[in-house]
Amino acid sequence: MAKSTISIIISKVFGRFKAVINWYLFKIAKNWVILNNISKSIRPFIWKLTGVQINGKVSIGYDVYYDIGNASHIIIEDGVWIASRTLLLCHKRDLRNYCIDDDYNKLPHIKRNIILKRGCCVGMGAIVMPGVTIGEGAIVGAGAVVVKDVPAWSIVTGSPAKVIKKIKTREN
């Protein structure tokens, strides 16, 4: 009995310690503009340490906010570009049963993956909501609010983001 109590205490302490370390790593990756001058691979490396799944080489601008508590819900493929001041959210409140006089703070969270497919680009100041997949080669315009999946090889802008152009195949 005492052994299991000790292991529970150790796991809680380690969990809190890991959360604090992840928070500091997030702050360094988010705010240090100098990181790109040192190496463009430092910021993605720090994101990986906090739990983001990055497969390949990606470019991440400064001051990008991501859902640090749910970092494992972010999947980024090779060749993705995330511009500065983008916001990636993996959780939101479940409003399906929200009624007058309910306490918003007591509503449960819905957690969903964000998937950024190979070669897509997320423009400066865009907001990507939970459960969104941005397709291969797609471009999200600056300031767009992406609430649903973006088709591959398309350009979306606006709030909410809408497809404004399909990218064509190059003819030789």
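(A) Molecular detail of the overall build of the chain. Per the secondary structure count, the chain includes 3 helices and 16 strands. The burial tally for the chain puts 35% of its 172 residues in the buried class. Counting contacts in the chain only where the partners sit at least 6 residues apart, residues at least 24 apart contribute 27% of the total. Total accessible area on the chain stands at roughly 10700 Å², and carbon and sulfur atoms take up 59% of it.

(B) Looking closely at the nonpolar core. Of all hydrophobic cores here, the largest spans 30 residues; its most connected members are Trp-47, Ile-76, Ile-82, Leu-116 and Ile-134. Breaking this core down by element, the ones donating at least two residues are β4 (74–76) and β9 (114–116). For Ile-134, the residues in contact, after removing those within four places along its chain, are Ile-115, Leu-116, Lys-117, Cys-120, Val-122, Val-128, Val-140 and Val-150.

(C) Representation of the sheet that holds strand β2 (residues 59–60) within the structure. Read from one edge of the open sheet, 6 strands run β2-β5-β10-β13-β15-β16, paired in mixed fashion. If you trace the sheet from one side to the other, it starts and ends with β2 and β16 (162–166), each paired once. Across 2 bridges, the pairing between strand β10 (residues 121–122) and strand β13 (residues 139–140) is parallel. Bridging across to β13, Cys-121 finds its partner in Ile-139.

(D) Spatial organisation of the sheet that holds β4. With parallel pairing, 4 strands are arranged side by side in an open sheet as β1-β4-β9-β12. Lying at the two open borders of the sheet, with one neighbouring strand each, are β1 (53–54) and β12 (133–134). Relative to β9, β4 is paired through 3 bridges, and the arrangement is parallel. Bridge pairing in β9 links Ile-75 to Ile-115.

(E) Representation of helix α3 (residues 42–49). Looking only at α3, the buried set comprises Arg-43, Pro-44, Ile-46 and Trp-47. Taken around the axis of α3, the buried residues stretch over an arc of 160 degrees, which confines them to a single face. Once α3 finishes, Gly-51 follows within two positions and takes phi at roughly 120 degrees, a positive value.

(F) Fine view of the environment of Ile-75. Relative to the assigned elements, Ile-75 resides in strand β4. Classification of Ile-75 by relative accessible area gives buried; the value is 16%. Setting aside chain neighbours within four positions, we find Ile-75 in contact with Gln-53, Asn-55, Asn-113, Ile-114, Ile-115 and Leu-116.

(G) Here's a closer look at a nonpolar patch on the surface. On the surface, Leu-95, Tyr-98 and Tyr-104 cluster together into a nonpolar patch covering about 300 Å² of accessible area. Here Tyr-98 is to be found in the loop between β7 (91–93) and β8 (109–111). On the basis of relative accessibility, which here comes to 38%, the residue Tyr-98 falls in the partly exposed class.

Thresholds, definitions, all that
Residues numbered from 1 in each chain as written. Predicted model: local features only at pLDDT ≥ 70, side-chain atom pairs only at ≥ 80, totals over all residues. Heavy atoms only, no water. Helix = DSSP H or I, 4+ residues; strand = E, 2+ residues; numbered from the N terminus. Buried < 20%, exposed > 50% of the residue type's maximum accessible area, 1.4 Å probe, protein only. Contact = heavy atoms within 4.5 Å. Areas by Shrake-Rupley, 256 points an atom, 1.4 Å probe, with all protein chains shown as cover. Core = buried A, V, L, I, M, F, W, Y, C linked by side-chain atoms within 4.5 Å. Pairing = 2+ DSSP bridges. Arc of directions from axis to C-beta. Patch = residues over 30% accessible without salt bridge, like charges linked within 9 Å, V, L, I, M, F, W, Y side chains within 5 Å. Salt bridge = Lys/Arg side-chain N within 4 Å of Asp/Glu carboxyl O.

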